[in-house]
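Notes for the structure review
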Amino acid sequence: MQAIQGTTQLLGVIGYPVKHSLSPVMHNAAIAHLGLDYVYLPFPIKPENLETAIAGFAAIDLVGFSITIPHKQAIIPLLSEITPTAQAIGAVNTVWRTDTGWKGTNTDVAGFIAPLQALNRDWSQATATILGNGGAARAVVAGCLELEFAKIHLVGRNWQKLEAFQRSWNTVAPTPSLEIHLWENLEQLLPETTLLVNTTPVGMHPQVDNSPVDRALMEKLPPTAIAYDLIYTPKPTLFLKQAASVGITTFDGLEMLFQQGAEALQLWLGQPVPVDIMRQSLLRVLNSNA
Ligand code: NAP
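Residues numbered from 1 in each chain as written. Predicted model: local features only at pLDDT ≥ 70, side-chain atom pairs only at ≥ 80, totals over all residues. Heavy atoms only, no water.

To continue, consider the site of the ligand. Near the ligand there are 19 residues, and of these Asn133, Ala136, Thr199, Leu230 and Gly253 occur at the shortest range. A distance of 2.7 Å separates an oxygen atom of the ligand from a polar atom in the backbone of alanine 136. The separation between a nitrogen atom of the ligand and a polar main-chain atom of leucine 230 is 2.9 Å. Protein contacts shield 72% of the accessible area of the ligand, which totals 930 Å² for the unbound molecule. Put simply, the parts of the chain that give the shell around the ligand at least two residues each are α5 (135-146) and α10 (253-269). Sort the elements by how many residues they give to the shell around the ligand and α10 lands first, with three residues. Taken together, the residues of the shell around the ligand sort by class into 10 nonpolar, seven polar and two charged. (Near = heavy atom within 4 Å. Polar contact = N/O pair within 3.5 Å; in protein donor to acceptor, adjacent residues only side chain to side chain. Areas by Shrake-Rupley, 256 points an atom, 1.4 Å probe, with all protein chains shown as cover. Helix = DSSP H or I, 4+ residues; strand = E, 2+ residues; numbered from the N terminus. Nonpolar A, V, L, I, M, F, W, Y, C, P; charged D, E, K, R; others polar.)

Take a look at the structure:
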């Protein structure tokens, strides 16, 4: 890594807490590989200090920053512009400076679809079944729409929340292909599912013996289906182990994590970034913590 000096440009991540964030690892690894005069720092910012912090970032000429919990929605009124993707999702995870202020987008969509795009499949007859209806599910719905899935089933445990999700989505962009279901319906949905995505935290470390789906239900998926878990610790989750045991192709959340990071770094630097270096740096940290 280049020595920090008077000319070094600043990037970073805001969150509270932020000490668990893997973003500094992958971004600084890419910056070092490219030999650029940048540094990416963690900024723990309490919710009540968000506005002051953003004004401070402008004052010190920060180039851009990532946003994690709990600021992904709260940041929006402090920005001069957000992209249609961020608007549809209702959350921003990447911000950069423009002549008129801060502009925000959400790179989770690009991160989520990257491994699916690499398959070069036509998704126009495909059905996605998404487990969970929180923040990450919104990025997954946006991704499935971008890939032009024919049908998207959203599965949740609270009918009011499901209805609110569908309503808010249809307000931004009417989406007849989006249907909502309670978990009791999952068994019926699986035989027509091409892509099954877990966006719930069920199975995340330390609850590694949990899965949102029973092993027996996995057998209802067509053999060509794909199971995708947004969780990246453990790697693989029980959900993905169950899917693999019935011969289903799997993707884990690490791919999404570094792909969304790569997309953000590319936006800030205005040049291609070494995706493999970012992937390897994350794997090194996760393996050393395992
Ligand atoms: P969130 O907004 O809290 O949403 C979680 C969803 O899971 C909610 O719909 C919640 O249902 C549901 N849920 C929680 N516990 C459940 C249970 N025991 N049974 C059934 N449903 C349950 O969280 P999020 O931000 O969407 O994140 C979700 C997961 O995605 C986390 O594991 C996160 O680490 C991961 N993620 C990964 C990436 C990546 O880059 N790989 C990016 C974003 C998120 P209710 O609404 O009914 O409570």
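So, on to the pattern of salt bridges. By the definition in use, this model includes eight salt bridges. Note that glutamate 81 and lysine 103 form a salt bridge whose closest N and O atoms lie 3.3 Å from each other. Here glutamate 81, found in strand β4 (residues 81-82), pairs with lysine 103, found in strand β6 (residues 101-105); they are 22 residues apart in sequence, far enough to count as distant. In this structure, glutamate 219 engages arginine 215 in a salt bridge whose closest nitrogen and oxygen atoms are separated by 2.7 Å. Look at glutamate 219 and you get exposed, because its relative accessible area is 53%. Salt bridges sharing common partners tie together Glu255, Asp276 and Arg279. (Salt bridge = Lys/Arg side-chain N within 4 Å of Asp/Glu carboxyl O. Buried < 20%, exposed > 50% of the residue type's maximum accessible area, 1.4 Å probe, protein only.)

This brings us to unusual backbone geometry. With omega at 10 degrees, the peptide bond leading from histidine 205 into proline 206 counts as cis. The topology assignment puts proline 206 in the loop between β10 (195-198) and α8 (215-218). Positive phi, normally seen in glycine, also occurs at asparagine 120, with a value near 55 degrees. Structurally, asparagine 120 is set in the loop between α4 (108-117) and β7 (127-131). Of note, glutamate 148 is a non-glycine position whose phi angle comes to about 65 degrees, a positive value. Residue classification places glutamate 148 among the exposed positions, given a relative accessible area of 57%.

Right, let's get into the sheet that holds strand β5 (residues 94-98). Strand order in the open sheet formed by six strands is β2-β1-β3-β5-β6-β4, and the pairing between neighbours is mixed. The two strands at the open ends of the sheet, each matched to only one other strand, are β2 (38-44) and β4. As paired elements, strand β1 (residues 9-15) and β2 share seven bridges and run parallel to each other. Residue pairing in the sheet places glycine 12 in a bridge with leucine 41 of β2. Against the sheet, helix α1 (residues 23-34) touches β1, β2 and β3 (64-67), its axis set at about 170 degrees to β2. Those strands touched by α10 are β1, β2, β3, β5 and β6, and its axis lies near 5 degrees from that of β5. (Pairing = 2+ DSSP bridges. Contact = heavy atoms within 4.5 Å. Axes fitted to C-alpha atoms, helices over the stretch in contact; angles between N-to-C directions.)

Let's shift gears to helix α11 (residues 275-289). Spanning 15 residues, α11 covers 22 Å between terminal C-alpha atoms, matching the ideal 21 Å at 1.5 Å per step. Listed in full, the buried residues belonging to α11 are Met278, Ser281, Leu282 and Leu286. Axial view of α11: buried residues confined to an arc of 125 degrees, hence all on one face. Across α11 from its buried face, at more than 90 degrees, point the exposed residues Arg284, Asn287 and Ser288. Looking at the buried residues of α11, the elements they touch are α1 and α10. (Expected span 1.5 Å × (residues − 1). Arc of directions from axis to C-beta.)

So, on to the packing of aromatic side chains. Within this structure, the stated rule accounts for eight aromatic pairs. Relative to phenylalanine 251, the ring of tyrosine 228 lies with its centre 5.7 Å away and its plane at 55 degrees, an arrangement referred to as tilted. Taken together, the residues span a long stretch of sequence, with tyrosine 228 in strand β11 (residues 226-229) and phenylalanine 251 in strand β12 (residues 249-251) at a distance of 23 residues. By relative accessible area, tyrosine 228 is classed as buried at 0%. Taken together, the ring pairs in this structure connect Phe43, Phe57, Phe65 and Trp102 into an aromatic cluster. (Phe/Tyr/Trp six-rings, centres within 6.5 Å; stacked < 30°, edge-to-face > 60°.)

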